[in-house]
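Fold and geometry: a report
These are the residues of each chain, in order.
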Amino acid sequence: MGGVEDDEPPSKRVKVASKELRGCWNGTSLKDPATCSLGVPMARPLASQGGDEVLGSKGVVKKVELVRIIAETLYSLGYAKTGAHLEEESGICLHSSAVNLFMQQILDGNWDESVATLHKIGHLDQTVMKMASFIILEQKFFELLDGEKIKDALKTLRTEIAPLCINNNRVHELGSCVLFPSQRVFLGAPAQNLVRVKSRADLLEELQKLLPPTVIIPEKRLVHLVEQALDLQREACIYHNSLVGEMSLYTDHQCGRDQIPSRTLQILQDHRDEVWFLQFSHSGEYLASSSSDCSAIIWKVNVDGRVSLKHKLSGHQKPVSYVSWSPNDNQLLTCGVEEAIRRWNVSSGECLHVYEKGGLGMVSCGWAPDGKSIFSGVNDRSICMWDLDGKELECWKGQRSLKISDLGVTSDGKQIITICRETVILLLDREAKAEKLIEEDSTITSFSLSTDNKFLLVTLLNQEIHLWNIEGHIKLVAKYKGHKRSRFVVRACFGGLEQAFISSGSEDSQVYIWHKGSGELVETLPGHSGAVNCVSWNPTNPHMLASASDDRTIRIWGLDQVKMKHKATHSNGIHYCNGGS
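A quick note: this is a predicted structure, and the numbers were derived from the prediction, not measured.

Moving on, we get to the nonpolar core. Counting residues in hydrophobic clusters, the biggest one holds 38 residues, and the most contacted among them are Leu-287, Leu-332, Ile-341, Ile-554 and Ile-556. Considering each element in turn, this core owes the most residues, five residues, to strand 7 (residues 296-301). With residues near it in sequence (within four places) discarded, Ile-554 still touches Gln-266, Ile-267, Leu-268, His-271, Val-275, Leu-278, Leu-287, Ser-289, Trp-299, Ala-546 and Ser-547. Core analysis: the next-biggest nonpolar cluster, separate from the first, contains 37 residues, Met-103, Leu-145, Val-178 and Leu-210 among them.

A word on the side chain of Gln-266. Structurally, Gln-266 is set in strand 4 (residues 263-268). Ignoring anything within four residues of it in the chain, the contact list for Gln-266 reads Gly-305, Arg-306, Val-307, Ile-554, Arg-555 and Ile-556.

The next subject is helix 6 (residues 126-146). For helix 6, which comprises 21 residues, the first-to-last C-alpha distance of 30 Å matches the rise-based estimate of 30 Å (1.5 Å per residue) to within 8%. Taking burial as the measure, the 21 residues of helix 6 include 16 buried ones, the bulk of the element. Of the residues one or two after helix 6, Glu-148 is the one with positive phi, at around 65°.

This part is about the packing of aromatic side chains. Counted by the stated rule, this structure contains eight aromatic pairs. Plain terms: the ring middles of Phe-141 and Phe-142 are 5.7 Å apart, the flat faces sit at 65° to each other, and that makes the pair edge-to-face. Of the residues examined, Phe-141 reaches a relative accessible area of 0% and is grouped as buried. For Phe-142, a relative accessible area of 3% gives the class buried. Seen in terms of ring centroids, Phe-501 and Trp-537 are 5.9 Å apart; in terms of plane orientation they differ by 20°. Their pairing is stacked. In this pair, Phe-501 is assigned in strand 26 (residues 501-504) and Trp-537 in strand 29 (residues 532-537), connecting sequence segments 36 residues apart. A relative accessible area of 0% means that Phe-501 is categorised as buried. Chaining the aromatic ring pairs together yields one cluster made of Tyr-480, Tyr-512 and Trp-514.

What follows covers the pattern of salt bridges. Where charged atoms from two side chains of opposite charge approach closely, those side chains can pair. Overall, the coordinates contain 13 salt bridges when judged by the stated rule. Glu-173 is paired through a salt bridge with Arg-170; the nearest N and O atoms lie 3.1 Å apart. With Glu-173 and Arg-170 both in helix 8 (residues 168-179) and three residues apart, the pair spans about one turn of that helix. Relative accessible area serves as the criterion here: at 35%, Glu-173 is assigned to the partly exposed category. One salt-bridge network, held together by shared partners, links Asp-112, Lys-140 and Glu-160.

Let us now look at the packing of helix 2 (residues 63-76) against helix 3 (residues 80-90). As a packed pair, helix 2 and helix 3 sit with axes 7 Å apart at the nearest point and diverge in direction by 160°. One finds that helix 2 runs roughly antiparallel with respect to helix 3. Every pair of crossing elements has a handedness; the one defined by helix 2 and helix 3 is left-handed. Facing Val-67, Ile-70, Ala-71, Leu-74 and Tyr-75 of helix 2, the residues of helix 3 in contact are Ala-80, Thr-82, Gly-83, Ala-84, Leu-86, Glu-87 and Ser-90.

Model confidence for the protein is summarised by a mean pLDDT of 85, while 83% of its residues fall at 70 or above. Contacts for the low-pLDDT stretch residues 188-196, under 50 throughout, to residues beyond four places or in other chains number 16 contacts.

On the UniProt side, "repeat: WD" (unreviewed entry) is annotated at positions that read residues 268-309, 313-354, 367-389 and 525-567 here. Split by type, residues 367-389 is 0% helix and 52% strand. Its first and last C-alpha atoms lie 14 Å apart.

As a further point, take unusual backbone geometry. With phi around 75°, Arg-381 is a residue other than glycine that occupies positive phi space. Checked against the element boundaries, Arg-381 lands in the loop between strand 14 (373-378) and strand 15 (383-387). Although it is not a glycine, Asn-453 sits at a positive phi angle of roughly 65°. Among the secondary structure elements, Asn-453 is positioned in the loop between strand 21 (444-449) and strand 22 (455-460).

The next thing to look at is the sheet that holds strand 31 (residues 554-558). Reading across from one edge, 4-31-30-29 is the order of the four strands in this open sheet, with antiparallel pairing throughout. If you trace the sheet from one side to the other, it starts and ends with strand 4 and strand 29, each paired once. The sheet shows a mean angle of 25° between the axes of neighbouring strands, taken without regard to direction. The pairing of strand 4 with strand 31 spans five bridges and is classified as antiparallel. Across the sheet, residue Thr-264 finds its bridge partner in strand 31, namely Trp-557.

Turning our eyes to something else, we now look at the sheet that holds strand 7. In spatial order, the strands read 5-6-7-8; together these four strands make up an open sheet with antiparallel pairing. Pairing within the sheet leaves two strands with one partner each, and these edge strands are strand 5 (275-280) and strand 8 (307-313). Along the sheet, successive strands turn relative to each other by an average axial angle of 20°, direction set aside. Summarising the sheet, strand 6 (residues 286-291) and strand 7 pair through five bridges and their orientation is antiparallel. Residue pairing for strand 7: Ser-290 is matched across the bridge by Ala-296.

So, on to the pairing of strand 6. Taking burial as the measure, the six residues of strand 6 include six buried ones, the bulk of the element. What you see with strand 6 is no split at all: Tyr-286, Ala-288 and Ser-290 on one side and Leu-287, Ser-289 and Ser-291 on the other are buried throughout. Examined bridge by bridge, strand 5 and strand 6 share five bridges and lie antiparallel to one another. Note on strand 6: the bridge partner recorded for Phe-277 is Ser-290. What sits between the antiparallel neighbours strand 5 and strand 6 is a turn of five residues, in which Gly-284 has the positive phi angle 80°. If you look at the hairpin formed by strand 6 and strand 7, you'll find four residues sitting between the two strands, and Cys-294 has a positive phi there, around 70°.

What counts and how
Residues numbered from 1 in each chain as written. Predicted model: local features only at pLDDT ≥ 70, side-chain atom pairs only at ≥ 80, totals over all residues. Heavy atoms only, no water. Core = buried A, V, L, I, M, F, W, Y, C linked by side-chain atoms within 4.5 Å. Buried < 20%, exposed > 50% of the residue type's maximum accessible area, 1.4 Å probe, protein only. Helix = DSSP H or I, 4+ residues; strand = E, 2+ residues; numbered from the N terminus. Contact = heavy atoms within 4.5 Å. Expected span 1.5 Å × (residues − 1). Phe/Tyr/Trp six-rings, centres within 6.5 Å; stacked < 30°, edge-to-face > 60°. Salt bridge = Lys/Arg side-chain N within 4 Å of Asp/Glu carboxyl O. Axes fitted to C-alpha atoms, helices over the stretch in contact; angles between N-to-C directions. Parallel < 35°, antiparallel > 145°, perpendicular 65-115°, else oblique. Left-handed = near helix turned anticlockwise from the far one by under 90°. pLDDT = per-residue confidence, 0-100. UniProt positions renumbered as here; feature names shortened; annotations may be inferred. Pairing = 2+ DSSP bridges.

Right, dumping it as structure tokens:
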């Protein structure tokens, strides 16, 4: 490492200099760079405390790295004196003398000296060296322009920046700033104060990201490592279904089974025949269900979690197989089996419009993201787009849908998803006028699109549920098994906190729940006396699940409060989130 030798004891050097520089670096107490004086180097590592010593039972944590990261954390939290004492007592410096000098020179605007010091810092390859020099000299160039020192700025561009032979396009842009001052605005520089393009503190932050972490510890590195550890614990916990805020640093994290909605809280019995479909609204404030009794029902989810009937929607002449909520939840579409689509006012229960196509029947429905048009699958295997008044806007003919079909529309409205053949799902890109296909080996009975539009859950005749990643290159990522399905359409859904679970109905009268990431079956819910046709997880309450059955009922599932223990229960160093297993 380059730098000046020390003459003062470490304690004096640290106490005078560290707090101000760390404040400038981390943005916690930015002062005038001219007052951040650190003209002397920090303590050097002691020979007896070299970089080879490791900590922990696995021998993978290097002591020097850990101490440096802790020191950076202390400074970033504003504990400058404590950080300085750690450096002094351990003999392990956060940064080398050359790095400290370099950082101070940046804050002071000593550009030529900082470039010279940069070359004295070890562990830098030529590419990084050139890129860092370019960024520094660009700042010098802008500050010279800001000070109306045009000739000096031009000289810096020609004799210092251009010879680096990198980023030629940027060099031309900088040149245009000299010839055409108005161009400075287009580079993000206010004409009156060009240095605001990049303050010196921002310049330090940019250099920090460019230089290797062995040279300058990334800001808040320890916090980032802790967050990674918590994420890994959460992902490994197959029952995790509550907010991250419930996790603790004091113990290892593990949720109990009681975080999964497994207890019947309500049985809704207002349908007169089999309940085929149900779906919570986007806000979670409503639930809509449809039945072979030719009706649909809008239910209100009250503040106390109880569900009550709001409107019973009559008018269909055939069983109602599908419902779809408008983006703002103010309206609802219902689709009869190869019949018509009806649009309803959620507040009043009034039918606002009936969508029909001469001699043909509708099989599915969905909303455009702006709520100004709807889509429908038609039993001639076409997909139609309508305005709210019933005018047909566009129609995609051919093998676009089946008579029994789901319909998905991505949240940007660009893709329409439907079952186009028994074993094939079509992803139709409306803008690019392109098609992608998901081909299965077994007959497809239904599918569900995740809220982030990244995944598609496909239910198959062979009693499997497949999870496909449809973002970019389409690929199969998981399979879920255990439920029973032989004769009927059984639907599955995403749900729980961050949609970390998969739930499905089943012909054995039970609800099945799997952990999405691991594929492990975490719960089966008995209670229905007929096939469970459809399930829906409340999108805003991870502890509320609804199921629809041939037994003419809807069950509302919630947490089993009887089995839940005190939220802060601990056992053998494991933190149980809202209870133990």
